[in-house]
Structure formats: structure tokens, C-alpha cells
Amino acid sequence: MATISTPTRRELLLVALLYLFLRFITYKSGEPHISHISNLTSSTDTSSSTNAAHWAGPQYLDAHLTWGSSPVPQTRVLSHTPGWTVFDRLYILKGVVYIVSDEPSQVPNVTHMYSKGHFIENGEEAVASRLPTDEDIRVITTKEAKKLFGAGAHLLDGVNFNGKHNSVTHYYHWSAELWFGLWHTYASLDPKIPHDGKTELPPVRRIMFNHLDAYHWRDYASMNEWVIRSAFPSLVMEFKDDWRDRAEMGRPFVFDRVVLADRSATMLTHNFARFQRSASASFGLPGSANWFMTMRNNAIQFTGLDHNIGGGTTKTPVITYISRQEWGRRMLIQEDHEKLVEELYKLRDQYGFEVNVVAAENMSRLEQIELAARTTIMMGVHGNGLTSLVWMKPSPRSTVMEFFFPGGFAFDYEYTTRALGMTHYGFWGNSYFTSPALPEPRYVEGFQGNSIPLDGALVARLCLERLSLTEEVDD
């Protein structure tokens, strides 16, 4: 019978070295790699993020940007137009925003990016009171930053939105101004967004309102929360108390990437002077014609509908008249309302169009978005209900018809419609107008009244014309 000899010291040493080598290789192969947003080219692979979330190997929280004895990483301005700016590596300390650059002449004027966040009022004194000072924002060199920040800063990772807007407690100002401008500015970094809205841009991590509290962002119709929770379900919201928390810590923080929105700064642009819409300033930036489809399609899929619904020129058209006759303000003459409904139902009976006559206040939020997503032509008196046009699917037939008291006009829904690639018509009684032959904004006597005249037969004829674009074909 063979005997088993005792291992020699040399053999034991070799086994121990082999064991340590295998442990080292296993650890290195599983070591996590943290890559910040400025190095990312694509974040659309959801499978990789899902796998990372379930990876069981050793991980660490990368919450600090450290430069040690090296120069402080400089701030990069990726995209800018007054009031809308995208930065990488923007710093904050004690509530002050810092742009770190050794080429300050290449940094846009701070008054075109930031303000004190005061309520918007007219007059030279009010305008001057909103201008930022060194207590709000500064441009500093890397040497100055080193003295202020030391060897590192705490990281606010991912993509951040920071908004200063006084009128967010309103469906239109929230969806078609603030988010319209924020997303268009961010989407300018991906000029190739296709019609399905898929983008290589990393998702938005958080939005901050450093001059707004958590109780004053929802609207009376409860649409604001629906929009943000459906379009960006993982988004974290922060408010002025959160901003104050960081300021009082007295420690530097750095944004991985941030989109800065400032309503006061947008008012310096030609587009704002022309259209009186803060989001219009962002359209000085390049971008894809499909820029809004990311937000739109997310919200539509949240309702359970396919994001392609409402598109094309071959399906049964859907006409939606959003009536204000029960609202008590800004209403059609009752006889003209009844005539319009009669003419629309004639189109339904003669041509097979789907016609919906609805009051938004009698519909759930889900019903409003679902109907807007299917709508080909939306119409109504100037008012909040028309905001849902943002959920329509742009096509050659997609149209918005807005009814004004004769002589009155506002760009709100006209500009929004056109910015999405659709066609808008304004009506004054028995006449209508469209871009580029638009009147000047004017709130005439009767604009807010309940005796707005309208030729219903004219509206119906234009509907038929828009829906008979036989020369248009689907792609």
C-alpha cells in the first residue's frame, strides 16, 4: 500500500502563491469601473445598467471628485444661449455657483446664464434687481479654485436640471415652457434623435429649484406631477431647502453635468422679445426635428398606448374640440359654439372622421393625454386645455386651431405648435391666419370674455382641407 508523503515546504509555498494569484485575478476581473458623465458616449443600454444593479462583487460609492495636487478640473460650456446653458463640472460652494476657467473670455456673460431668481416684474429697477452679483455666481481661475475648494469636491453625479422659473404652478408654463426649454437645450447635444425618441443622452438624474419650495410646483389641474412622473419616472426633485442644506455645509460640490435654466436671462434674447416665451430662446440652439419625441413617447407609453399612435396620414383622423363653455371665462358665443359642434358632427357623418367634443375639467389626466395622443386636429378657445397639444404626434396633417376674440392674439400655443413641427391656425370670427402672417400679441378688450365669435362652418372647411392632403404620403 502506497504511503502519502508530507508536502515539502517548497510545495506549500507554491500552493500559497497560486492561491493568492487566483484571488488577485478574480478581484481585478470583478472590480467596478466608475465612469462619469463627461466620458460617456451612450447610456441607452438598459441591459448593462440592469446587470450592474444585480452584480454581487465588491463596489464602492464614488461620491468625491479628487484632484489632489493637480489643477482643479475646469468647467466646460457644452451648449449655450441666454437663459439656457449646459455645463460639465460646474461648482457650488456656500450657495454660490462657480465657473472654473483659465480662459474667462471664452465664458458667456454671467447675466446671460443666471439671476437672483426674483419674481419677474417690469421696469428698469426690477430688471436691475434681478442681475446676479458675486454672491450668486463667479468665474474663477484654477488657482483661485484650488484655494477655495482644496483637493476635491463632493460629486453631484449624472445629469442635473436647475431651473429658475416663477410660473411653474400652471400646466402650460410647466410643460410647454420650463420642460420644453430644458429638454430642448439638453437635446441639442444629440442632433440625431430619430422619430422614436431614442437618444444616446444619459437620463436626467435630478432637477433642482433653488428658489422654490416643495409646496409650490403642482398645478390646479394636477397635470404637472403626471408629466414629470411619466416622462422621467426616476427623476429626483430638490428645492430651496435642499439647496440651503448644501450651502450651510460649507463644502464644495461639483455637478457632473447640469442644464441651467433662468427665465430672467431668457428675456435678453430676440426670440423672447418676439414671442414672449422663455422656451423660445433655446431654439437658437441646433437640434433634431424629433427632439421632443423622447419626452412625448415616454409619457404616451406610460398611459399604456403605443407611442406611434396618432401618426401617419392614412388612419382615421381624430378631431378634438376642447370646449370652455362650462368654464365661465373665455368662452364662445353659445350659438357659435353650437354651430361649431353641428358642423364638426357633419364631418363625422359624411367623412367618417372621429369627432370628440370634450371639457378638459371633466376628464381624468389619463383621459386627457390619451385623447391628445390620438388627435389629428385639436381646437379650442385660447386656454390651458390646449397645452395637451404637446402629446400629439406630428404629421403632415397635425393641426391646432385656436379661437381668439377678434384683434387679440398670444403666441403661447402658436409657438408651441410650430416648435413641434405642426401647423397652427388662429381664428378671428369669420377669418383665420397662420405663420408667417401672424399679428402682434395683443390682449384686447373681450380677450378674456365670454362672447368670442366664431364661424363654425369656416372651421369645418379648414378641417376638411387639412385632412385631405392627398399629396402627402407616409414615409
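You'll find the structure just up there.
(A) Expanded view of the packing of helix 5 (residues 171-187) against helix 13 (residues 412-419). It is at 12 Å that the axes of helix 5 and helix 13 come closest, and there the two elements cross at 45°. It follows that helix 5 is oblique to helix 13 by the angle criterion. Pair helix 5 / helix 13 crosses with left-handed handedness. For the pair helix 5 and helix 13, the contacting residues are Y172, A176 and F180 in the first and D412, Y413, T416 and A419 in the second. Considered class by class, the residues forming the contact of helix 5 with helix 13 number five nonpolar, one polar and one charged.

(B) Looking closely at the pairing of strand 2 (residues 76-81). Of the strand pairs in this sheet, strand 2 and strand 3 (residues 84-93) are connected by five bridges, and their pairing is antiparallel. Within strand 3, the residue paired with S79 across the bridge is V86. Hairpin remark: strand 2 followed by strand 3, antiparallel, with two residues in the connecting loop; positive phi at G83, about 95°.

(C) Structural context of the side chain of T294. Here T294 is to be found in helix 10 (residues 293-302). In this structure T294 comes out as buried when scored by relative accessible area, which is 12%. In this structure the side chain of T294 is engaged in a polar contact, spanning 2.7 Å, whose partner is the backbone oxygen of G197. Discounting chain neighbours no more than four positions away, the residues touching T294 are W183, I193, G197 and T199.

(D) Molecular detail of the packing of aromatic side chains. Under the counting rule described, the total for this entry stands at 36 aromatic pairs. Plain terms: the ring middles of F161 and Y186 are 6.0 Å apart, the flat faces sit at 80° to each other, and that makes the pair edge-to-face. Linking F161 in strand 6 (residues 152-164) with Y186 in helix 5, this pair joins segments that are 25 residues apart in sequence. For F161, a relative accessible area of 0% puts it in the buried group. Between F409 and F433 the ring centres are 5.6 Å apart and the planes differ by 85°, which places this aromatic pair in the edge-to-face class. With F409 in the loop between strand 13 (399-404) and helix 13 and F433 in strand 15 (residues 431-433), the pair connects residues that are 24 residues apart, well separated along the chain. For the pair F409 and F433, a shared accessibility class is recorded, and that class is buried.

(E) Structural view of a nonpolar patch on the surface. Judged by side-chain polarity, L13, L14 and L17 come together as a nonpolar surface patch covering roughly 300 Å² of accessible area. Relative to the assigned elements, L13 resides in helix 1 (residues 9-30).

(F) Structural context of the sheet that holds strand 12 (residues 377-381). Here six strands make up an open sheet; going across it, the order is 11-10-12-13-14-15 and the pairing mixed. On the outer flanks of this sheet lie strand 11 (354-358) and strand 15, each paired with one strand and no other. On average, adjacent strands in this sheet sit at an angle of 20° to one another, irrespective of strand direction. Examined bridge by bridge, strand 13 and strand 14 (residues 423-428) share six bridges and lie parallel to one another. Each bridged residue has a counterpart across the sheet, and for M401 the counterpart in strand 14 is Y425. Its contacts with the sheet place helix 13 against strand 13 and strand 14, and it is angled at close to 160° to strand 14.

(G) Broad picture of the pattern of salt bridges. Scanning all chains against the criterion turns up 17 salt bridges. Notably, a salt bridge pairs R257 with D88, separated by 2.7 Å at the nearest N-O pair. One end of the pair, R257, is in strand 9 (residues 253-262); the other, D88, is in strand 3, with 169 residues separating them in the sequence. A residue is classified by how much of its surface remains accessible, and R257, at 10% relative accessible area, is buried. Classification of D88 by relative accessible area gives buried; the value is 1%. Put simply, K116 and D136 hold a salt bridge, and the shortest N to O gap is 2.8 Å. Of the two residues, K116 sits in the loop between strand 4 (96-100) and helix 3 (124-130) while D136 sits in the loop between helix 3 and strand 5 (137-140), which places them 20 residues apart along the sequence. Of the two residues examined, K116 and D136, each falls in the buried class.

Analysis parameters
- Residues numbered from 1 in each chain as written.
- Predicted model: local features only at pLDDT ≥ 70, side-chain atom pairs only at ≥ 80, totals over all residues.
- Heavy atoms only, no water.
- Axes fitted to C-alpha atoms, helices over the stretch in contact; angles between N-to-C directions.
- Helix = DSSP H or I, 4+ residues; strand = E, 2+ residues; numbered from the N terminus.
- Parallel < 35°, antiparallel > 145°, perpendicular 65-115°, else oblique.
- Left-handed = near helix turned anticlockwise from the far one by under 90°.
- Contact = heavy atoms within 4.5 Å.
- Nonpolar A, V, L, I, M, F, W, Y, C, P; charged D, E, K, R; others polar.
- Pairing = 2+ DSSP bridges.
- Buried < 20%, exposed > 50% of the residue type's maximum accessible area, 1.4 Å probe, protein only.
- Polar contact = N/O pair within 3.5 Å; in protein donor to acceptor, adjacent residues only side chain to side chain.
- Phe/Tyr/Trp six-rings, centres within 6.5 Å; stacked < 30°, edge-to-face > 60°.
- Patch = residues over 30% accessible without salt bridge, like charges linked within 9 Å, V, L, I, M, F, W, Y side chains within 5 Å.
- Areas by Shrake-Rupley, 256 points an atom, 1.4 Å probe, with all protein chains shown as cover.
- Salt bridge = Lys/Arg side-chain N within 4 Å of Asp/Glu carboxyl O.

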